[in-house]
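Per-entry structural report
Listed here are the chains, written in short residue letters.
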There are 4 protein chains.
Amino acid sequence: MPTRIEPAAAEPAVVGQQESLRQRLLDCRACTLALIEGLSDADVTVQSMDDASPSKWHLAHTSWFFEEFVLGPYAAGYRVIDPRYRFLFNSYYEAVGARQPRPRRGMLTRPAIGEIVDYRRHVDEALSALLAGPAPSGALGLVELGIQHEQQHQELLLTDLLHLFAQNPLRPAWRTAPDAESAARQQAWAGASPSPADATEAKWVGFEGGCFEVGDEGDGFAFDCERPRHRVVLVPYALADRLVTNRDWGEFIADGGYRAPHWWLADGWARVQAEGWHAPLYWERRDGAWVQMTLCGELALDPQAPVSHVSYFEADAFARWRGARLPTEHEWEVAARAQPIDGNLASSGRFRPRPAALDAQAPLRQLYGDVWEWTASPYCAYPGFRIAEGAVGEYNGKFMCGQFVLRGGSCATPQGHLRATYRNFFYPHQRWQFSGLRLARDCG
Amino acid sequence: MPTRIEPAAAEPAVVGQQESLRQRLLDCRACTLALIEGLSDADVTVQSMDDASPSKWHLAHTSWFFEEFVLGPYAAGYRVIDPRYRFLFNSYYEAVGARQPRPRRGMLTRPAIGEIVDYRRHVDEALSALLAGPAPSGALGLVELGIQHEQQHQELLLTDLLHLFAQNPLRPAWRTAPDAESAARQQAWAGASPSPADATEAKWVGFEGGCFEVGDEGDGFAFDCERPRHRVVLVPYALADRLVTNRDWGEFIADGGYRAPHWWLADGWARVQAEGWHAPLYWERRDGAWVQMTLCGELALDPQAPVSHVSYFEADAFARWRGARLPTEHEWEVAARAQPIDGNLASSGRFRPRPAALDAQAPLRQLYGDVWEWTASPYCAYPGFRIAEGAVGEYNGKFMCGQFVLRGGSCATPQGHLRATYRNFFYPHQRWQFSGLRLARDCG
Amino acid sequence: MPTRIEPAAAEPAVVGQQESLRQRLLDCRACTLALIEGLSDADVTVQSMDDASPSKWHLAHTSWFFEEFVLGPYAAGYRVIDPRYRFLFNSYYEAVGARQPRPRRGMLTRPAIGEIVDYRRHVDEALSALLAGPAPSGALGLVELGIQHEQQHQELLLTDLLHLFAQNPLRPAWRTAPDAESAARQQAWAGASPSPADATEAKWVGFEGGCFEVGDEGDGFAFDCERPRHRVVLVPYALADRLVTNRDWGEFIADGGYRAPHWWLADGWARVQAEGWHAPLYWERRDGAWVQMTLCGELALDPQAPVSHVSYFEADAFARWRGARLPTEHEWEVAARAQPIDGNLASSGRFRPRPAALDAQAPLRQLYGDVWEWTASPYCAYPGFRIAEGAVGEYNGKFMCGQFVLRGGSCATPQGHLRATYRNFFYPHQRWQFSGLRLARDCG
Amino acid sequence: MPTRIEPAAAEPAVVGQQESLRQRLLDCRACTLALIEGLSDADVTVQSMDDASPSKWHLAHTSWFFEEFVLGPYAAGYRVIDPRYRFLFNSYYEAVGARQPRPRRGMLTRPAIGEIVDYRRHVDEALSALLAGPAPSGALGLVELGIQHEQQHQELLLTDLLHLFAQNPLRPAWRTAPDAESAARQQAWAGASPSPADATEAKWVGFEGGCFEVGDEGDGFAFDCERPRHRVVLVPYALADRLVTNRDWGEFIADGGYRAPHWWLADGWARVQAEGWHAPLYWERRDGAWVQMTLCGELALDPQAPVSHVSYFEADAFARWRGARLPTEHEWEVAARAQPIDGNLASSGRFRPRPAALDAQAPLRQLYGDVWEWTASPYCAYPGFRIAEGAVGEYNGKFMCGQFVLRGGSCATPQGHLRATYRNFFYPHQRWQFSGLRLARDCG
């Protein structure tokens, strides 16, 4: 996850803008805290795998981020609550120093959640005071970065929590599914059996080739990895007008997709065999039908909803099996920027992907929200990219190796966090995010 | 950990004895619950390594043990609170069926600790009712086994908790050290530097050779692995009259003991190198002096206290370096049975090993309590040993491979749990128990 | 390593061309056999790591390739010597079937090297006969592919052999270093100490930006991954006129490059720590000076020769430390195509990188040969790339994930094998190839 | 494998004895060399797993042993051929210094086998000269130790070679099976199907209990671990009069023995699952019948021959399934010492276990030779055992942890190497030795 190169650059000294920033900050902070409503001290403390972090850690780390990068440098007289938190809640900033090893974040039963909530309040008060007066030069851009950073962790908190609950045979639910009736309808679906006509049949939408500018236009916040804006050449292509669905995926499974090496990248096939993959993460068979672990507990699988929790390896193999391919990140961006940033985001309160609407106005449905869309593009530096000075320079640049770009956000992404140029990235074997795919193909 | 072969054999049908059993049971159960006083929901849920279990799991597993082996078979109309607990809280009984994998016990943030406390109360009430009336045949021996089993888990709960807290840079304390003054005195000790004359200089106590009977005499409870009683031949030997101390161990370190392969078993040396051992577990240097993580948090190391948290490999290497050896389990047993079962057990409330008394009456000091004493004896079946029928047969027999016997109990062992024939056992690399050693040598 | 999509496409039916192909084939086959001159049966059989293969296996596998893809389909009446060879010598073609696991290729002490030489002769005779008569349709393109494939294995045979010999404390030499005198001169060099003025100081050569066509032009053999030719946008850039040298690298080491996380990608830093990297592979300190294992045994390190056997992670970190970056593969290709394909290749008989010439005519020295140059480009499909039908489709496409492109060939690459569009690829942690780097930077 | 504590102690200065020792030495050395007849340079160089060593390494190591412990200290003016051999061919003697890591012994394609044969001759000549004159004090006992040591390696060379050849799908044979006809007869046996009446039905032979002396009596060579002689108590027991056969084992398999956890030790069951054990090592199904890889290549399994290549875990599980147990090492020794040391040893030239004779005179058949018999006894120090001074002290003592004793020798053990007190030892999971079992049970 990325940082702004010169946070001070776009700094608006206007008082009204500063007050608006302060309000957005406090809203964002409150929003994070609301996510742990209903969770126990144990729920927020346990770490389910190396890739995931405890909710409590997310709460503390996002506070530490403001303390380290804003309050320490800019808030005169700021009192650090506990100097050891710098060790405990630094994520990966080598320049800041030694830290709790990532795989051992779940060992921290202390400080207790109450202490972390106090810590957050302490940081909030200091930030609020800082922004209430004449803001020190340089601080505002870093506050904005801290908000964006915290929004990223809001999403991670949810995907990490889902992973934790999925380890528990009791299948706990974080929130209640509001539409219990739909569950009934779906219970008969067993993966590849005939099913009612699919109202959301995918259509291809064509795009012209040519030379295009991609990357941040500079008219608002963007992470450093979205810059600099630069030109790329695209050849004519088409994108599916909706995401690949669970029903589509069931056909891949039924056709032996997980047992046929020729659809797979060599590294993907090795992973399929080593880990015994035979369906997306969180799918399980119960009494002959598919169920899926979700943030609302275990539910019957909705065949019309977008498939989620698939790796790049699976997405790539599926596309090849369908005679298609994944889009590049720039094909996606050029196609997306004409459409409004709207969709099934965290603000919908659903926290699960939903079937594509039938009455959509925009040519491409489900472009934002639902699931992050794997692209064929390795996560690389744009031409002319430079890593920022200091610790924030570690935000994005050092991860530009071995990962693939995802676009479009998911049902766990906060409203207001996305844009057409936004680049998310994960390793090709990772599956615990809300990650799915949209098909692409060459034209002409 | 061991089970009784024919639990029904010694069954006393007398009403008074049954009432006494009921009282001991309820005391034992209350004692377990008292151990988690002051711990948070998170503290009792997290698992710090594969070998350790969460406190909550210990609380639930010991209850499940009574449910599975006593209430299910003997308590007519017993209502199971949740059938899924059988999966969650079975430890290793293959005959009972599938279960939560051991390394994933810490994933169970649900059921919450409150539900587990309710579960315990439910089981306690059913057991109490069962024992209030005419006891069904066969149940009493299994209740006794359940008590002994729960006492073992009381000790494990503490050693597992210590391991968890030792992972935390905040060095949490479970209980407060009552003798803060002693900490001051010790702060100057740096391991091998000259120190005040040691009042507890070890002396050799000799024992005659001959043919001896060892193992359970049948006059009370014993685990199956302590039987049958049988004859062994011993040659004349001597035992040190006290345990090896931290001061002794500091000399071993200062002499390069952890860097000299010739003191070590081949497997031990491989472990030293692979894991970078250079001191007992929980020892750390702070400002040039040794400190030690304990159940009372991090304290200055007491040079006169027995060394603890050493592996068999370390104990064996130390003994060789000293020109001595570890005693066999039968040498220990024959020497110990003449002495009273008394010492620094959990009932002392200290929960740390303490220096040997200067005014001891018995020839061998610190025989019971303080630390489990590694012996040179692999954990094997006694001649004529038979594994019990059914699931309880898995209690001890299937672990008779690759482990070594420890004798004497520790500062975390409950009062009343020990006897001279008691055999504890761990793998030679394990260090998280209160494990230390007493030297032995050949005589004549 | 790559295959041609439609091998039959460019097929020239002219007899003269067919005879020339036959001659090139036999020359190539003889060349492979010459590589094992002086090696023992043991030398050609042992496998030194999973990534490497025994020389004998290379000899057999390249023969099997012709048998499987040319002789089987096209040579009527071809007699298979041993049907089990299909299992033993298939590399990774899932479509062909099960095979000897890659990490167990070194277990094959039988068939003996003599039998493999017979196998080669049998295949050569059949191929020669096939090409002597009227060639069956489709066969010629596959023969060409087989030659290119065998040339790739000639290079791998040497790098694998070097790795094997580097495991041996006796430091065996495959060939004798012709210039023993140079060894003497270098013996005093200790890495970072002052050294005689470097006659080969690097200079920057600038290139204009714009829209360029890259990829195979279709006028000769090319692998499928070099196609289709397509347009890319480049911004103005500069390339160093020579490769990074051992002397340069010594400065990086002396400046603590291997101990400073801020120069490194996160995955690279993890690798540095896990494997204790502190210098390129094959560098060792002897009596205060650097020596290097080579195909001519252990030699004093030549500070003016190009650094070799560094991973992508190291190359990337070095470039960042120097305030530069790696070139993209297309920057390299556009710059390279104006220069002749010439340099220190296998045909020079040196089999080690050599210092840059002082009197070079071309603007970029050491462009071909010496060491493969890591580029900043992940190995990906070009726009419009399609995987070929059948088993040969597995040649390149399934490896397009997680690897980086290298350009320019090495001192172990056969003459005639390279071109400006050639794409080699390895994982970013791999170091056993002749892999080095040339610096790049942005302009204007 | 073990060393004599005070090799000089029993030294007979008599000239005749010395000449006899010299002759035995040269015979033993020639015998080792004869083992590699028919093997290629590759065959003797490759290492098939960490536990095994290349034949060439065995040849060199046994020579180094004489060089290090006899020639260096006792042969004035002895010239070391290559000082680097000390590094290459030291096995595990920490006191001698650093050495080629065990898992990398197979990397040594140089020195070539010819050089090793020269090395052997050089050592033989020096030893012969040393023993021809007046022998220096202390040398004779070490020569005797070297002979015993080399005999142990003769057996290991064969078991390691068998393991190597078993990795090869071509199923190479070291020697030809002389009794091809027997193969035909056995081809129909499929494991658990009815078979002709077994003429070698096992019978129980009872032994009285009491107090017995065990261990070396001091009347010839013995390893240090066989000493000191000491008393043990045995209770009445019975031993089967023959080894467990392949037919017996087929019944265990057919009864689901490899799928039923209750027969297994916990560590054994974990191993069964982790490695997918379902039959002894080297058993495979071909066309519905069992075949077995042997030193004579792949042969039909002989149901009447003793089962071989089973681990302790398997032997123990089998015995439990049969309602029996493994004998202790002392039960075996007391029973064995009344019988002659005779059986199917290496000198028979069969190199495979053979069915028990029907006309045996001795009460216990197959006591020596055929397969090593797993005992229930962990490999421990005898009371009063002391490790010898110096490097030879590492021979046995440092392995006394985690291994089990095997008794009786195998079809690969040299004639003259065994005695009733002989203790072999391996880890409980190891299967590549000729290891089988004889059942025992309690009496009375």
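Residues numbered from 1 in each chain as written. Chains lettered and ligands numbered in written order. Predicted model: local features only at pLDDT ≥ 70, side-chain atom pairs only at ≥ 80, totals over all residues. Heavy atoms only, no water.

**Re the overall build of chain A**
The secondary structure content of chain A amounts to 10 helices and 14 strands. Over its C-alpha atoms chain A spans a radius of gyration of 22 Å, differing by no more than 12% from the 22 Å that the globule rule assigns to 444 residues. With the C-alpha coordinates of chain A rotated into their principal frame, the extents come out at 70 × 55 × 40 Å. When each of the 444 residues of chain A is scored for burial, the buried share is 62%. Contacts in chain A between residues far apart in sequence, at least 24 positions, make up 81% of those at least 6 positions apart. (Helix = DSSP H or I, 4+ residues; strand = E, 2+ residues; numbered from the N terminus. Rg over C-alpha atoms; globule rule 2.2 N^0.38 Å. Buried < 20%, exposed > 50% of the residue type's maximum accessible area, 1.4 Å probe, protein only. Contact = heavy atoms within 4.5 Å.)

**Section: the interface of chain B and chain A**
Taken together, the 28 residues of chain B in the interface contact 28 residues of chain A. Summing the contributions of chain B and of chain A, the shared interface buries around 2300 Å²; its carbon and sulfur component is 57%. The largest per-residue losses of area from chain B upon contact with chain A belong to Met107(B), Arg110(B) and Leu170(B), which jointly make up 28% of the total buried on that side. Viewed at the interface, chain A and chain B are joined by two salt bridges. In this structure, Arg110(A) engages Asp43(B) in a salt bridge whose closest nitrogen and oxygen atoms are separated by 2.6 Å. Counting the contacts that link chain B with chain A gives 14 residue pairs in polar contact (both at pLDDT 80 or more). Put simply, the parts of the chain that give the side of chain B that touches chain A at least two residues each are helix H3 (85–89) and helix H5 (139–166) of chain B. Among the residues making up the side of chain B that touches chain A, the classes are represented as 13 nonpolar, 10 polar and five charged. (Buried area = accessible area lost by both parts, 1.4 Å probe. Salt bridge = Lys/Arg side-chain N within 4 Å of Asp/Glu carboxyl O. Polar contact = N/O pair within 3.5 Å; in protein donor to acceptor, adjacent residues only side chain to side chain. Nonpolar A, V, L, I, M, F, W, Y, C, P; charged D, E, K, R; others polar.)

**Digging into the relation of the copies chain D and chain B**
The transform that puts chain D on chain B rotates by 180° and translates by 0.0 Å along the axis, for an RMSD of 0.0 Å. Those values place the two copies in the arrangement expected of a two-fold rotation axis. Among all residues of chain D, the one whose C-alpha sits closest to the rotation axis is Gly402(D), at a distance of 2.5 Å. By residue overlap, the copies meet face to face through one surface: 100% of the interface positions of chain D are interface positions in chain B. (Least-squares fit on C-alpha atoms with pLDDT ≥ 70 in both.)

**What to know about the side chain of Arg22(D)**
Residue and element names in this part refer to chain D. On the secondary structure map, Arg-22 appears in helix H1 (residues 15–34). Here the side chain of Arg-22 touches Glu-19 through a polar contact of 3.1 Å, side chain to side chain. When near neighbours in sequence (up to four residues on either side) are disregarded, Arg-22 contacts Ser-128, Leu-131 and Ala-132.

**Describing the environment of Leu439(D)**
Residue and element names in this part refer to chain D. Inspection of the secondary structure assignment puts Leu-439 in the loop between strand E13 (435–436) and strand E14 (440–442). With 120 residues separating them in the primary sequence, Leu-439 and Ala-319 have C-alpha atoms 6.4 Å apart. Once residues within four sequence positions are removed from consideration, Leu-439 is found in contact with Trp-204, Ala-238, Leu-239, Ala-240, Val-244, Phe-318, Ala-319, Arg-322, Ala-324 and Arg-325.

**Here we look at the domain arrangement of chain A**
Note on interface size: it is often stated as the accessible area lost on association of the parts. Residue and element names in this part refer to chain A. Domain annotation of chain A identifies domain 1 (12–166) and domain 2 (183–442). Contacts between the two partners involve 28 residues from domain 1, matched on the other side by 28 residues from domain 2. Our count for the contact surface shared by domain 1 and domain 2 stands at zero salt bridges. Here domain 1 and domain 2 share 15 residue pairs in polar contact (both at pLDDT 80 or more) between them. (Domains from an automatic or database assignment.)

**Considerations on the nonpolar core**
Phe89(C), Trp249(C), Leu437(C), Phe89(D), Trp249(D) and Leu437(D) are the most contacted members of the largest nonpolar core, which has 257 residues in total. Core analysis: the second largest hydrophobic core is formed by 255 residues, Tyr93(A), Ala166(A), Leu418(A) and Cys225(B) among them. (Core = buried A, V, L, I, M, F, W, Y, C linked by side-chain atoms within 4.5 Å.)

**Topic: the sheet that holds strand E11 (residues 404–407) of chain A**
Strands in a sheet are paired, the pairing made by backbone hydrogen bonds, and the direction either parallel or antiparallel. All names here are of chain A. One open sheet holds the four strands; their spatial order is E12-E11-E10-E13, and the pairing between them is mixed. Looking at which strands have only one partner, the edges of the open sheet turn out to be strand E12 (424–426) and strand E13 (435–436). Pairing geometry for E11 and E12, over three bridges, is antiparallel. From the neighbouring strand, Leu-406 faces E12, where its bridge partner is Asn-424. Of the strands in this sheet, strand E10 (372–378) and E11 touch helix H10 (residues 329–336), which is tilted by about 15° from E11. (Pairing = 2+ DSSP bridges. Axes fitted to C-alpha atoms, helices over the stretch in contact; angles between N-to-C directions.)

**Points about the interface of chain D and chain B**
Opposite the 29 residues of chain D that make contact, chain B presents 29 residues. Between chain D and chain B, roughly 2200 Å² of surface is buried when both sides are summed, and carbon and sulfur atoms account for 65% of that area. At the junction of chain D with chain B, the criterion picks out two salt bridges. Measuring nitrogen to oxygen at the nearest pair gives 3.6 Å for the salt bridge that ties Asp442(B) to Arg386(D). Linking chain D with chain B are six residue pairs in polar contact (both at pLDDT 80 or more), by the criterion used here. Counting only elements with at least two residues in the side of chain D that touches chain B, the list comes to strand E3 (230–234), helix H8 (266–275) and helix H9 (312–321) of chain D. Among the residues forming the side of chain D that touches chain B, the class breakdown is 20 nonpolar, two polar and seven charged.

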